[in-house]
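Survey of secondary and tertiary structure
The residues making up each chain are set out below.
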Amino acid sequence: MKMKKVLFVINTLGCAGAETALIELLKSLDEKEYELSLYVLMGQGEMIDKIPENVKLLNDHYCKDSVLSKQGKQAMMKTVWRSFWENGNVFGKFAYIVRTFSAMRRTGKFQPDKILWRVISDGSPRFEETYDLAVAYLEGGSTYYVADHVKAKKKAAFIHIDYENSGYTRGMDRNCFDKMDRIFTVSDEVKKHFLNVYPKYQDKVKVFHNINNQDEIRRKAEEETGFEDHFDGVRLLTVGRLTYQKAYDIAIDAMKLIKDRGYKVRWYILGEGSERPALEKKVKELGLEKEFLMPGAVSNPFPYYKQADIYVHATRFEGKSIAIQEAQTLGCAIIASDCNGNREQIVQEKDGLLCLLEPESIAEAVISLVKDRDKRIRLGNAAKEKDIVHKGEIQLLLELMQ
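For clarity, every value in this text was computed on a predicted model and none was experimentally measured.

About the criteria used
Residues numbered from 1 in each chain as written. Predicted model: local features only at pLDDT ≥ 70, side-chain atom pairs only at ≥ 80, totals over all residues. Heavy atoms only, no water. Core = buried A, V, L, I, M, F, W, Y, C linked by side-chain atoms within 4.5 Å. Buried < 20%, exposed > 50% of the residue type's maximum accessible area, 1.4 Å probe, protein only. Helix = DSSP H or I, 4+ residues; strand = E, 2+ residues; numbered from the N terminus. Contact = heavy atoms within 4.5 Å. Salt bridge = Lys/Arg side-chain N within 4 Å of Asp/Glu carboxyl O. Expected span 1.5 Å × (residues − 1).

1. Considerations on the nonpolar core
Formed by 36 residues in total, the largest nonpolar core has its most connected members in Tyr39, Tyr163, Phe177, Ile183 and Phe194. If you list the elements that add at least two residues to this core, you get β1 (4–10), α4 (112–122), β4 (130–136), α5 (141–149), β5 (151–159) and α7 (188–197). The element contributing the most residues to this core is α5, with 4 residues. The contact partners of Tyr163, leaving out residues within four places of it in the chain, are Glu139, Tyr168, Asp173, Phe177, His193, Phe194, Val197 and Tyr198. Judged by nonpolar contacts, the second largest core, of 35 residues, contains Leu22, Phe184, Ile322 and Ile394.

Right, here's the structure in full:
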């Protein structure tokens, strides 16, 4: 039987939730039935070595540096500059940037990366191959690229975020979803918010939960790494990029309240991002250098989950958090902000705590678990027992090719 040709496109392959979910999805596809290809729009990201060997990388040039590192940022700017001139239509690209920039100024939501995704998409290489299925695995650039520049019998797009509050607009998207045969959202809440923006796609949208390998997570949690500071108080852990979405500025204020009330607590953030300078400045101003630590991203965060006393995920908005799923797999007591995405993953007081995204509310939730070890254990055990494995999801994708 002839193998089906499937192309996946993603913006970058950095250490983040969507990228992790893509790798697990690629591992789930039978290499004897599907000829898999991957194109990384920006041509960079440190997770490229985790791609299965049977997946063909279509990028002629690839940079393994994180887009958040100095070298990675330089490579990223070269890609953007090259994309501006490739494939012609320079004046059209410039006009698009001006229109999008003006629209962002009017709304007060200025997000440079979203301005450039259309330019990068239009300036990227084109492939002559016609695929049985092409999948845009992230919003923005990869979706625009698959919609406009990929030849495929069927096309699908994935939505991982709260589209209403993400900063994307109809003007940026330019009817790209009209060209998709299926639109997959990673949760029911993500579906709801996407349809609030695009109600006309009701019949195209299906929920496709992230695939995670719990056995692999548990195995990696046993590796001899993790905390090395010999702290004997209560450890809080958060895993995620240092971005506005993750609300670390509010977490720092919460940590200040916890410290001032005399509790022996240390908060660790595993991640890297553009907000680091501002966050480090705030930590220093509040005298939290020993209490709020940001050691950076790590290749294996799972021993830290296992060793932490409480996992905190106080974010401004979410799609469906891979980090929460990982914390649940490893039996963490979880505190999360009561926002889109988070509330779909946690049942209040049963397998975690939901709180307001305010320093006082976060601090109170943390202190309540610091004082009650039995409750931490109960919530962690309940989280560990949750059914978060969605083995049947892959069929939603494969049925498009039947």
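2. Observations concerning the pattern of salt bridges
The final tally for this structure, using the stated rule, is 28 salt bridges. The closest approach of N and O atoms between Glu223 and Arg219, which form a salt bridge, is 3.8 Å. Classification of Glu223 by relative accessible area gives partly exposed; the value is 35%. Arg316 serves as the salt-bridge partner of Asp249, at 3.0 Å between the closest nitrogen and oxygen. Of this pair, Asp249 sits in helix α9 (residues 248–260) while Arg316 sits in the loop between β11 (310–313) and α12 (322–329), and the two are 67 residues apart along the sequence. Judged by relative accessible area, which is 27%, Asp249 ranks as partly exposed.

3. Concerning α9
With 13 residues, α9 should reach 18 Å at 1.5 Å per residue; the first-to-last C-alpha distance of 18 Å fits that figure. Restricting attention to buried positions, one finds in α9 the residues Tyr248, Ile250, Ala251, Ile252, Ala254, Met255 and Ile258. Buried residues in α9 make contact with β8 (234–239), β9 (265–270), α10 (276–285), β10 (292–293) and α14 (359–371). At the exit of α9 stands Gly262, carrying a positive phi of roughly 90 degrees.

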